[in-house]
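# Analysis of the macromolecular model
Single-letter residue listing:
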Amino acid sequence: MRTDQGEEWPMSEMSGRCFCGACTWRSAGPFLWSAICHCEDCRRAASSDFVSWFGVPRSGVSWVGPRTLYKSSAKVTRSFCGRCGAPLSFETDVFPDETHLYAPTLDRPELYRPTAHIFWSERVPWLELSDGLPKHPKGLQDAAAAGKDIL
Ligand SMILES: [Zn+2]
Ligand SMILES: [Zn+2]
C-alpha cells in the first residue's frame, strides 16, 4: 500500500508526541495492525467518540518525558502525559509483545491508514460512516477467528 505521499506503508521508524510535546515516543516499527475502535473503554479513556489505534512491537518503542502509567485493569496499563494529560498508549498482558499507540499522536498523521472498524457493536448511536472499511462487531482477534482478513 502507498500513502498519499507515495511512501510505502506500513512504515518503519515512526515517532509521535502528546498534545503539549513534553512526552515523545519513537518506534522502530513496523505497523502490526491498525483499526478504529468504538468500544466503551476506548471512548472513555480518550474522552472521544472513537479512537484510531495501531500496534507496533513493544521492544522497539522508546519514550521520553513525564509519562504517567495507569493500570486500568488487571492486565491493562495505559499511559498519558503527566503534564497535559493526552492519552498515549495501551499495553495488555494478552499481547505482551505489542504496544498500542493512539494514531493522533503520530508526528506525521498522514501516514496512518485504518484498515477496519472494531467493536462496531458498541459505537455511539448517532454515528454514520460510509468509508467502505470492514466493520467488525468485536475485536480483530474475533474477526480473524471468523476467517476475515484483518490487515
Ligand atoms: Zn503533554
Ligand atoms: Zn477499544
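Summary of the structure given here. Every value quoted in this text rests on a predicted model; they were computed, and no experiment measured them.

Bringing the overall build of the protein into the picture now. For the protein, the count of helices and strands is two helices and 10 strands. Start at the N end of the protein and walk to the C end: the helices and strands fall as β-β-β-α-β-β-β-β-β-β-β-α. For a compact globule of 151 residues, the expected C-alpha radius of gyration is about 15 Å, and the protein comes in at 15 Å, within 12% of that figure. Its C-alpha atoms put the protein at 40 × 40 × 30 Å along the principal axes. A buried classification covers 28% of the 151 residues belonging to the protein.

Further remarks concern the pairing of strand β7 (residues 76-81). Moving residue by residue along a regular strand, the side chains alternate between the two faces of the sheet. Direction of pairing for strand β6 (residues 67-73) relative to β7: antiparallel, over a ladder of six bridges. By the bridge assignment, Ser-73 is partnered in β7 with Val-76. Hairpin connection, β6 to β7: the antiparallel pair is bridged by two residues. Bridging between β7 and strand β8 (residues 87-92) involves five bridges; their strand directions are antiparallel.

The seven strands are arranged β6-β7-β8-β9-β4-β3-β10 in an open sheet whose pairing can be described as mixed. A strand with exactly one partner marks an edge of an open sheet, and here the two such strands are β6 and β10 (117-118). Here strand β4 (residues 51-57) runs beside strand β9 (residues 98-102); their pairing, made up of five bridges, is antiparallel. Directly across from Phe-54, in β9, lies its bridge partner Leu-101.

In this section: the environment of Ser-48. Relative to the helices and strands, Ser-48 is located in the loop between α1 (40-46) and β4. Residues Ser-48 and Phe-31 lie 17 residues apart in sequence; the distance between their C-alpha atoms is 23 Å.

Quick look at the environment of Cys-23 now. Inspection of the secondary structure puts Cys-23 in the loop between β1 (14-17) and β2 (24-27). Remark: the alpha-carbon pair of Cys-23 and Gly-82, spanning 59 residues in sequence, is separated by 8.4 Å. Once residues within four sequence positions are removed from consideration, Cys-23 is found in contact with Arg-17, Cys-18, Trp-63, Gly-65, Pro-66, Arg-67, Cys-81 and Leu-88.

We now examine the environment of Ala-86. Looking at where Ala-86 falls in the secondary structure, it is placed in the loop between β7 and β8. A tally of 18 C-beta atoms within 10 Å means that Ala-86 is categorised as partly exposed. Apart from the residues within four sequence positions on either side, Ala-86 is in contact with Cys-18, Phe-19, Phe-80 and Cys-81.

Conventions used here
- Residues numbered from 1 in each chain as written.
- Chains lettered and ligands numbered in written order.
- Predicted model: local features only at pLDDT ≥ 70, side-chain atom pairs only at ≥ 80, totals over all residues.
- Helix = DSSP H or I, 4+ residues; strand = E, 2+ residues; numbered from the N terminus.
- Rg over C-alpha atoms; globule rule 2.2 N^0.38 Å.
- Buried ≥ 20, exposed ≤ 12 C-beta atoms within 10 Å, placed from the backbone.
- Pairing = 2+ DSSP bridges.
- Contact = placed C-beta atoms within 7 Å.

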